[in-house]
Amino acid sequence: MSKTMTLNEFILDRQAEFPFATGELTRILGDIALASKIVARDVRRAGLIDNILGAQGETNIQGEEQQKLDVIADNQFIKVFKHGGEICGIASEENDDFVAFEGEQAMNGKYVVLFDPLDGSSNIDVNVSIGTIFSIYRRVSPVGTKATLEDMLQKGTEQIAAGYVLYGSSTMLVYTTGCGVNGFTLDPSIGEFCLSHPDMKMPVDGRIYAMNEGNIKICEQGLRDYISYCQEADATPLHPYSGRYIGSLVADFHRNLVKGGIYVYPDTTLHPEGKLRLLYECNPLAFIAEQAGGQATTGRMRVLEIKPEKLHQRVPYYTGSKNMMDKAMSLLK
Ligand code: AHM
Ligand code: MG
């Protein structure tokens, strides 16, 4: 039987692949794993504990109703990052502005983390999979000063590492540092993430499409044509494709990463810029998709090459298996 490899052991083993191998990234990933274990524990017991389920009673800057678990997860990640010492600032879906950490140790931190603490909020109360998405950048402002907006508004191509945690039937952490994608499953009996999905590759083809088809009449004709193509009975031996839409980006993305598929959240007349946020939803998953052999675009351009203009910028989003993406892009053009 092969030896179980924990996330910590794996990160230490791979530390040399990281361009600035000083141990800091190792500690940041360790912090993310720690915070996500605490969030996973809260998610697992959500229905049993008072004051965890339901709406917080506030809306975030994007006008979306915050759930209590959104806020609990956000606070948990910020707490861990603040105490870690490697990070000079963060930006998250739940905070209107970015947060520059105070204090000498934090200002000497070389990294920023952008994250969506609990993605798929509408699924929290109904016991459906949700996730955390994160993206790590090296700061562009001088070390020893406070983090700036410019540290946050970097192109996705500048990501040092990115990943997600899926709170599903098991809890999984999947990440990349630009040298492939690896997945770890939380073994609750020992409280450790263990390597379960080494060197993940997104199948080149697939037969699953994920889109909120309630939006089909308010999206562009090219996408309507693509969805019709997915539904054709005999266009290829894989047809008709299966429609699967969980409504939690992390869960839909993870399924497509494992089985092959395409995920689409387009611009619509309701969401003219798209719905998903570039910095802490689209970019991290685009980095993982590309590292696994898949693609991620806005329908017009590669997501990772967009120069962000604002923290909560939205973009149309298409990501998935290479051949499915090629077909979709050809119809959009
Ligand atoms: P959230 O971060 O507020 O949860 O919003 C993002 C979510 C994605 O996880 C999901 O794919 C999408 O919004 C679902 O939107 P819709 O309900 O419009 O289909
Ligand atoms: Mg989200």
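Sequence order as written defines the numbering, with residues in each chain counted from 1. Each chain gets a letter, beginning with A, and each ligand a number, beginning with 1, in the order they are written. A pLDDT threshold of at least 70 governs which residues receive local features in this predicted model, and a stricter bar of 80 or more applies before side-chain atom pairs are shown or counted, although totals over entire chains, interfaces and linings include all residues. The basis for the side-chain values is all heavy atoms of the structure; hydrogens and waters are excluded.

Student: How do you make sense of the coordination of the magnesium ion (ligand 2) when you look at a structure like this?
Tutor: Geometrically, a metal with four donors at the corners of a regular tetrahedron has ideal angles of 109.5 degrees, and one with six donors at the corners of a regular octahedron has ideal angles of 90 or 180 degrees. Water is not part of the atom set, so a site may look incomplete; the donors themselves are N, O and S atoms within 2.8 Å of the metal, or 3.2 Å for Na, K and Ca. Protein coordination of the magnesium ion (ligand 2) is provided by Glu93 (OE), Asp116 (OD), Asp119 (OD) and Glu281 (OE), with donor distances spanning 1.9 to 2.6 Å. Written as a sequence motif, the donor residues of the magnesium ion (ligand 2) are E-x22-D-x2-D-x161-E. Taken together, the residues span a long stretch of sequence, with Glu93 in the loop between strand S3 (87-92) and strand S4 (99-100) and Glu281 in helix H8 (residues 278-291) at a distance of 188 residues. Using a relative accessible area of 4% as the deciding quantity, one classes Glu93 as buried. Only protein chains enter the accessibility calculation, which uses a 1.4 Å probe; a residue is then buried when its area is under 20% of its type maximum, exposed when over 50%, and partly exposed in between. For Glu281, a relative accessible area of 1% gives the class buried. Labels follow the DSSP assignment, with helices taken as runs of H or I lasting at least four residues and strands as runs of E lasting at least two, numbered in each case from the N terminus.

Student: When you look at the site of ligand 1 in this model, what are you seeing that I'm missing?
Tutor: What surrounds ligand 1 is a group of 17 residues, the closest being Asp119, Tyr245, Leu249, Tyr263 and Tyr265. Side-chain atoms alone can form a polar contact between residues adjacent in sequence; in general such a contact is a pair of N or O atoms within 3.5 Å, and within protein one must be able to donate a hydrogen while the other accepts it. The contact in question runs from an oxygen atom of ligand 1 to an N or O atom on the side chain of Glu93, over 3.0 Å. One nitrogen or oxygen atom from the side chain of Asp119 is found 2.7 Å from an oxygen atom belonging to ligand 1. In the complex, 86% of the free accessible area of ligand 1, which totals 470 Å², lies under the protein chains. For the shell around ligand 1, the secondary-structure elements that each account for two or more residues are strand S5 (111-119) and strand S13 (262-265). When the residues that make up the shell around ligand 1 are grouped by side-chain class, the tally is 5 nonpolar, 5 polar and 7 charged. Each of two domains, domain 1 (7-197) and domain 2 (208-332), supplies a minimum of three residues to the shell around ligand 1. Only heavy atoms are used to decide nearness, and a residue is near a molecule or strand if one of them lies within 4 Å of it. Method for areas: the Shrake-Rupley scheme with a 1.4 Å probe, in which residue coverage is limited to the protein chains shown. Classification used: nonpolar for Ala, Val, Leu, Ile, Met, Phe, Trp, Tyr, Cys and Pro, charged for Asp, Glu, Lys and Arg, polar for all others including Gly. Throughout the structure description, domain borders are defined by an automatic or database domain assignment.

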